[in-house]
Amino acid sequence: MTIKTYIPNPVSPRVLGHHWSAKADQLQSATGVLMGVFLLFHLHFESSILLGKDAFYHVVHFLEGSMFSDDGKGFPIITQTISVFMLLVFGVHALTALRRFPTQLGQWRALQSNLSIINHHDTRIWYLQLLTGAALFFLVPVHLFEMILAPAIGPNMSAERVYHDNSWLLYALLLPAVVVHAVLGLYRVALKWGLTFQREKLRAFAYMLLIYLMVLGIASLICYLLIGSELSLPVTPYLPN
């Protein structure tokens, strides 16, 4: 039998609450932190291309378990497995976050009205997360399905996907949306769960981290485009000299 509780509310004292709301909040925060931390590592691993093809080649194959394979090239199934796992995590996060998504035109109008009247930093940060979250709902599954179906990663193969397969269009939209959503999400989680009360300092750090990750991601994307422009079809996997 489902147990229902009533949560006091100054506007409507009989607003119906449910104990699963707290569980959903915890699950949303946990999956958000997991994806945010994953993004931090992912962008830095990807940026190893800035150090040259050899650096990226060795990073990729190390992450795919090259030390355990006979040919030293690792196992692409690791990339597929991680992609499937992150897709599941993303799905859970999206489902728990949709509870707070405005679904009616009147709610959007009220939100826009409040934003124009109230000059509150964290409210605008939440609004940015709302917009970027809506974009990521469509962009992230496309990227993850791409990695599940075609897990070949390397200096040449990744550059071919970015340049010749025009995936740069996807990444140009995905990069700013995911960086803004992740960094601001980590900021809000830290405040929500009382990890710090230095709101202004944490916000300044979040903005600096956001700019840093954007510059890192854009530089990496440009590097892949330059490498891809020099490749002739059909592209062969890169091998160190």
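Just above sits the structure.
Trainee: It is not clear to me how the side chain of Thr79 should be interpreted in this structure. Could you clarify?
Mentor: On the secondary structure map, Thr79 appears in helix 3 (residues 76-97). Take Thr79: its relative accessible area is 13%, and that puts it in the buried class. Residues within four places of Thr79 in sequence aside, it is in contact with Glu64, Met147, Pro151 and Ile153.

Trainee: Help me understand the packing of aromatic side chains in this model?
Mentor: For any pair of aromatic rings, the description consists of the separation of the ring centres together with the inter-plane angle of the planes. All chains considered together, the criterion is met by four aromatic pairs. Ring centres 5.5 Å apart and planes at 85° place the aromatic pair Phe137 and Phe138 in the edge-to-face group. Looking at Phe137, the relative accessible area reads 40%, which means it is partly exposed.

Trainee: Would you take a moment to explain a nonpolar patch on the surface for this structure?
Mentor: A contiguous nonpolar surface patch, about 920 Å² in accessible area, is contributed by Val37, Phe41, Phe45, Phe62, Leu63, Met67, Phe68, Phe75 and Ile77. Elements that contribute at least two residues to the nonpolar patch include exactly helix 1 (20-46) and helix 2 (53-63). If you tally residues by element for the nonpolar patch, the top one is helix 1, at three residues. Tracing the backbone through its elements, the reader meets Ile77 in helix 3. The class of Ile77 is exposed, set by a relative accessible area of 54%.

Trainee: Explain the nonpolar core here, please?
Mentor: In a soluble, globular protein the nonpolar side chains are often hidden away together inside. If you look at the biggest cluster of nonpolar residues, it comprises 46 residues, and the most contacted ones within it are Leu174 and Val179. For this core, the secondary-structure elements that each account for two or more residues are helix 1, helix 2, helix 3, helix 5 (121-149), helix 6 (155-163), helix 7 (168-192) and helix 8 (199-229). Ranked by residue count, the leading element in this core is helix 7, at 14 residues. With residues near it in sequence (within four places) discarded, Leu174 still touches Leu136, Leu139, Val140 and His143.

Trainee: When you look at the environment of Ser21 in this model, what are you seeing that I'm missing?
Mentor: Along the chain, Ser21 falls in helix 1. What makes Ser21 partly exposed here is its relative accessible area of 35%. With 75 residues separating them along the chain, Ser21 and Thr96 place their C-alpha atoms 9.2 Å apart.

Thresholds applied
- Residues numbered from 1 in each chain as written.
- Predicted model: local features only at pLDDT ≥ 70, side-chain atom pairs only at ≥ 80, totals over all residues.
- Heavy atoms only, no water.
- Helix = DSSP H or I, 4+ residues; strand = E, 2+ residues; numbered from the N terminus.
- Buried < 20%, exposed > 50% of the residue type's maximum accessible area, 1.4 Å probe, protein only.
- Contact = heavy atoms within 4.5 Å.
- Phe/Tyr/Trp six-rings, centres within 6.5 Å; stacked < 30°, edge-to-face > 60°.
- Patch = residues over 30% accessible without salt bridge, like charges linked within 9 Å, V, L, I, M, F, W, Y side chains within 5 Å.
- Areas by Shrake-Rupley, 256 points an atom, 1.4 Å probe, with all protein chains shown as cover.
- Salt bridge = Lys/Arg side-chain N within 4 Å of Asp/Glu carboxyl O.
- Core = buried A, V, L, I, M, F, W, Y, C linked by side-chain atoms within 4.5 Å.

Keep in mind these values describe shape, not function.
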